[in-house]
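Listed here are the chains, written in short residue letters.
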Amino acid sequence: MRMVDFIAQKRDGGAHTDEEIKQFIREYTTDIIPDYQASAWAMSVYFQGMTKSESAALTMAMADSGDKLDLSNIEGKKVDKHSTGGVGDKTTFILSPLVAAAGVPVAKMSGRGLGHTGGTIDKLEAFPGFQTEMQVEDFIDTVNNHKLALVGQTGNLTPADKKLYALRDVTATVNAMPLIASSVMSKKIAAGADGIVLDVKVGSGAFMSDIEAARELASTMVDIGNELGRETVAVLSDMDQPLGEMVGNSLEVKEAIDVLKGGGPQDVRELSIRLAAHMLVLADRVKDVEEGEALAKDLIHSGKALQAFKEFVVRQGGQGELVDQPEDFLTAKHVIEVVAQSSGYVKQMNAAKIGQAAGHLGAGRMKKDDPIDHSVGVQVKKKRGDYVEKGEALVYLHSNTEDVATVKALIQESYEMTEQRVEARPLILDEM
Ligand code: URA
């Protein structure tokens, strides 16, 4: 089919065949189809949507556009977890060793920070020496022998998604639901998991700010995964405020270690245990989520999950002593209070602004190749529903500079106060 007819078909609300979608992805990846035609098509999808089977075909075509990881040499069912991106999300450091300590293989590929959200790979590099690159054979051997390896996205995985994502970013078509769903799922399929647990974030720090849109995205991704033979479940979790107290690379790793030691903030613990439980169910290790949660809690209390985390850090070249003595992580020079300008209850927070504040301090990148300062970040002391006296600390900035006026302004903007008591909201909003 000619590209102009392909665009018109979608513009007029028609459905493409699998073959037409494959041809489009093949020709777009090899630069036969120019960006201007691909962007007209993406805008048509934005307005007209796609059927389930079109979304599945697009996912598969993008997954097939480059290398795919073959994990068949790893014994047992491989289950992956993917978060749609949030602020202060350190669940991967808790659930990966937890699931591995339960005997389930975790062969994980993760990304770097994007926009106001942090990235798993950047955070792990807070451990001096930690290696996030590995040959595929070593990766597979490590998982077979030790149940856990975590690497950065390498090689030529889903080049079609890379190209289309960059185009969507500048043509106001990122928010097209079927395009987001197939972009995420194509990467998961190419990374080889048998089962996928999706953590779909909802709120001011997430891609989807309202629950209905998040539900639609989650159900589209679950349908795509199941249609392509990968058992997929989704947990919708609150991202109207950061997860836990810490936002910033080594600060977040330290908080994850607290949780693995049986402490840490309640929300981080609850979400990590729930996601781990879903992974254990998909891997057929337990019969239901309740049994999975009980096993996850046991593995934390017995110290086995912490031990698995420490061994994983050492195996990948990081300083394992830091797991025992997290106070030895590099810390920022200054800890600066940002105080409440009036008394009242915290009505709501803007999590994206907290993420941006951490970014300004150096925890994220302003440009693609900027270095990261692992020591800095934001420590959130007051969250939704908390009562604050005027002059009390809302957050502490962990900073290597005292020039933090912009960051302080972002923090003040992110808090909305009220005189009325504020109802608590659940962390886990839905599961499907
Ligand atoms: N994350 C992705 O990987 N792709 C999208 O399209 C949006 C978020």
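Higher on the page you've got the structure.
Visitor: Would you explain the overall build of the chain in this entry?
Guide: Across its full length, the chain carries 17 helices and 13 strands. Taking 2.2 N^0.38 as the reference for a compact globule, 432 residues should give roughly 22 Å; the C-alpha atoms of the chain span a radius of gyration of 22 Å, in line with that estimate. Principal axes of the C-alpha set define a box for the chain whose edges measure 65 × 50 × 40 Å. Out of the 432 residues belonging to the chain, those deemed buried represent 55%. Restricting the contact set of the chain to residue pairs at least 6 apart, pairs at least 24 apart contribute 77%. Total accessible area on the chain is roughly 18,000 Å²; 47% of this is exposed by carbon and sulfur atoms.

Visitor: Looking at this structure, I do not really get the nonpolar core. What am I missing?
Guide: Proteins that are soluble and globular tend to have nonpolar side chains buried together. In this structure, Phe127, Phe309, Val378, Leu397, Ile411 and Tyr415 are the most contacted members of the largest nonpolar core, which totals 78 residues. By residue number, the principal contributor to this core is helix H12 (residues 266-282), which donates 8 residues. Here this core spans two domains, since at least three of its residues come from each of domain 2 (79-324) and domain 3 (330-418). Ignoring any residue separated from it by four or fewer positions in sequence, one finds Phe309 in contact with Phe93, Pro97, Phe127, Ile257, Leu260 and Val323. Counting residues in each nonpolar core, the second largest holds 22 residues, with Ile25, Ile33, Ala38 and Leu167 among its members.

Visitor: Would you take a moment to explain the pattern of salt bridges for this structure?
Guide: Any two side chains of opposite charge can pair, so long as their charged atoms come close to each other. What the rule picks out here adds up to 32 salt bridges. A salt bridge links Lys188 to Asp80, with the shortest nitrogen-to-oxygen separation between them at 3.1 Å. With a gap of 108 residues between them, Lys188 in helix H9 (residues 177-190) and Asp80 in strand E1 (residues 79-83) connect regions that are remote in the sequence. Here Lys188 and Asp80 have matching classes, each one buried. Put simply, Arg215 and Glu212 hold a salt bridge, and the shortest N to O gap is 2.7 Å.

Visitor: Quick question: what am I supposed to make of the site of the ligand here?
Guide: Near the ligand, the surroundings consist of Tyr165, Arg168, Ile180, Ser183, Val184, Lys187 and Phe207. Within the side chain of Ser183, one N or O atom sits 2.6 Å away from a nitrogen atom of the ligand. In this structure, an oxygen atom belonging to the ligand sits 2.6 Å away from a side-chain N or O atom of Lys187. It is H9 that contributes the most residues to the shell around the ligand, 4 residues altogether. Residues belonging to the shell around the ligand are distributed by class as follows: 4 nonpolar, 1 polar and 2 charged.

Conventions and cut-offs
- Residues numbered from 1 in each chain as written.
- Predicted model: local features only at pLDDT ≥ 70, side-chain atom pairs only at ≥ 80, totals over all residues.
- Heavy atoms only, no water.
- Helix = DSSP H or I, 4+ residues; strand = E, 2+ residues; numbered from the N terminus.
- Rg over C-alpha atoms; globule rule 2.2 N^0.38 Å.
- Buried < 20%, exposed > 50% of the residue type's maximum accessible area, 1.4 Å probe, protein only.
- Contact = heavy atoms within 4.5 Å.
- Areas by Shrake-Rupley, 256 points an atom, 1.4 Å probe, with all protein chains shown as cover.
- Core = buried A, V, L, I, M, F, W, Y, C linked by side-chain atoms within 4.5 Å.
- Domains from an automatic or database assignment.
- Salt bridge = Lys/Arg side-chain N within 4 Å of Asp/Glu carboxyl O.
- Near = heavy atom within 4 Å.
- Polar contact = N/O pair within 3.5 Å; in protein donor to acceptor, adjacent residues only side chain to side chain.
- Nonpolar A, V, L, I, M, F, W, Y, C, P; charged D, E, K, R; others polar.

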